[in-house]
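Chains, contacts and geometry: an overview
Read off the chains here:
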Amino acid sequence: MADIVFSLFLHTGRCAVARVVFMHDRNYKRLFSFRRMVEDLLRAVCDVELVEGLDFQGLTKLSTDYVGERGQERLGDCVWRVPFHDGWIYLLVLLEFQSSKDAVMALRNLEYTALLYTELGRTGHLGAPGEWPPVLPLVLYNGDTPWTEDVEMRRLIAPTLPVLEPFQPSQRSLVLDERRIAVDDLPVGNLMRAVAGLEQSRTPEELGQSTVELGDWPGAPIGRELGRAFVAWIQEMANLMESGEPLELGETLEEASMALVDRVAEWPEMYRREGGTEALRRVVCRMVERRFGVGTTSRLANLLASIDDADRLEEVTLWVMDCRTVDELIGRVSRGEGLGN
C-alpha cells in the first residue's frame, strides 16, 4: 500500500505576549512528543477504518529539520512514522502555534506538503511518480473564537470557468476545535478528552477539576514523564489565571491536583484579605471573561458595583461556575438569589 502522510497543525489562541506564547508552544511540543498522545489524537479524529489499519506499536519519532529548494526552512516540528499492517506510512506532525485564526491556513498546509514531498524526495523516501504518499492535513485549533476560516484550498481561489477548474490546486484540512468540541464526543479513556477538558477550563476551579480527573484517568495509567509534561502545561495555564504570586504545582499530577484544590479553597478569602470587595469584583470579572468571553463583564459592572458585602460577592463567584450563559448569570445577580436581600 502507498505511504500515507498526515500533517498536524497545532494552534494556540491563549495570549499575544511573545514569552507566554513561546512557553505554550514549548509545552505543546513536549506533550505531543509522546507516542501515546499522537496515538490518542489519531484515534480521536480519524475514521475507524483508518485507525484499524495502523500498527501504533511501531510509532517512531523522526528528524524534523528540512529545507526546501528555495530556502524555506521547517524546524522544531514533531515527525512520526507508523507502520500500516501491510506497509509503511509516515505521520508528519507540524506544530504551528498562533494566537489567532489564519485565513490562509489552507495555503500554508499546501506549502508544508510541498516541502515535505521535496524532503522525502531528497532523502530517497518519496517513491516513484504515482506512488507518492497521500496527505491528510489536520488542524488542532484552540483559539479563543470558533474556527471559521476556509479549510479547502480551492475556496481561496476566485470562481472560474469550468474548463479551468481542473488546473487549480486542491487540498482540504480536517479541523479539531479543542475549546468548543463536546468532551463527551471524544472516546472514553482517550487523552484528547483530557486535553479538551483542560483547554476549556476558564477558572482555577475548572482547571483543578480537570487535573483531578486526569490524575484518575480511566484509560491506561499515565506514565511519569507524560504526567510531568501535562503538569508543565497545567502550570502555565494556572499562572495565566493567577494575578498574584505564581502557584507552584510540583512535578506529579497528584501534587498538581492537591495544589489547585487548595488554591481554589482559599481563593475568595485571599482576595477578601488583600483587596476587599473591590478585589473580589475583579475576581468576578476575570472569571466571567474566562468563562463567557472578553467584553461580557461590561454588562455586569453596575450590578457588581451595587454589591458591597464580601460574602455576597464570593457567592457570585460560585454562580459564574453554575451558570451556562452570561444572561443567566446577570439574571441571578439582578434578582439577588440567595444573597439575603
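In what follows, the accompanying structure is described. (Residues numbered from 1 in each chain as written. Predicted model: local features only at pLDDT ≥ 70, side-chain atom pairs only at ≥ 80, totals over all residues. Heavy atoms only, no water.)

1. A look at the nonpolar core
- By size, the foremost hydrophobic cluster in this structure holds 47 residues, and its most contacted members are L31, M37, L191, M192, L214, F230 and L249.
- The dominant element in this core, judged by the number of residues it contributes, is helix α7 (residues 224-241), at nine residues.
- Excluding its chain neighbours within four sequence positions, the residues that come into contact with L249 are V231, I234, Q235, A238, E255, A256, A259 and L260. (Core = buried A, V, L, I, M, F, W, Y, C linked by side-chain atoms within 4.5 Å. Buried < 20%, exposed > 50% of the residue type's maximum accessible area, 1.4 Å probe, protein only. Helix = DSSP H or I, 4+ residues; strand = E, 2+ residues; numbered from the N terminus. Contact = heavy atoms within 4.5 Å.)

2. Digging into the pattern of salt bridges
- Tallying each qualifying case throughout the model produces ten salt bridges.
- Between D102 and R108 there is a salt bridge whose closest N-O contact spans 2.5 Å.
- Taking the relative accessible area as the measure of exposure, R108 reaches 14% and is therefore buried.
- R180 is the salt-bridge partner of D177, the closest N and O atoms lying 2.9 Å from each other.
- Its relative accessible area of 14% is what places D177 among the buried residues.
- Through salt bridges with shared partners, a single ionic network connects R224, E225, R228 and E251. (Salt bridge = Lys/Arg side-chain N within 4 Å of Asp/Glu carboxyl O.)

3. Some thoughts on a nonpolar patch on the surface
- Taken together, L161, V163, L164 and F167 make up a surface patch of nonpolar side chains, about 440 Å² in accessible area.
- Tracing the sequence through the fold places V163 in the loop between β7 (135-142) and β8 (174-177).
- For V163, a relative accessible area of 57% corresponds to the exposed category. (Patch = residues over 30% accessible without salt bridge, like charges linked within 9 Å, V, L, I, M, F, W, Y side chains within 5 Å. Areas by Shrake-Rupley, 256 points an atom, 1.4 Å probe, with all protein chains shown as cover.)

4. Structural notes on the packing of helix α5 (residues 191-199) against α7
- Closest axis-to-axis distance for the α5/α7 pair is 11 Å, and the angle between their directions is 15 degrees. The orientation of α5 relative to α7 falls into the category roughly parallel. In this structure, the crossing between α5 and α7 has a hand that is right-handed. Listed contacts from α7 to L191, V195, L198 and E199 of α5 are L226, F230, W233, I234 and M237.
- Of the residues assigned to the contact of α5 with α7, the class counts are eight nonpolar, no polar and one charged. (Axes fitted to C-alpha atoms, helices over the stretch in contact; angles between N-to-C directions. Parallel < 35°, antiparallel > 145°, perpendicular 65-115°, else oblique. Left-handed = near helix turned anticlockwise from the far one by under 90°. Nonpolar A, V, L, I, M, F, W, Y, C, P; charged D, E, K, R; others polar.)

5. What about the environment of V326?
- Tracing the sequence through the fold places V326 in helix α11 (residues 326-335).
- Note: C-alpha distance between V326 and V288 (38 residues apart in sequence) is 7.7 Å.

Read these as spatial facts, not as claims about activity.
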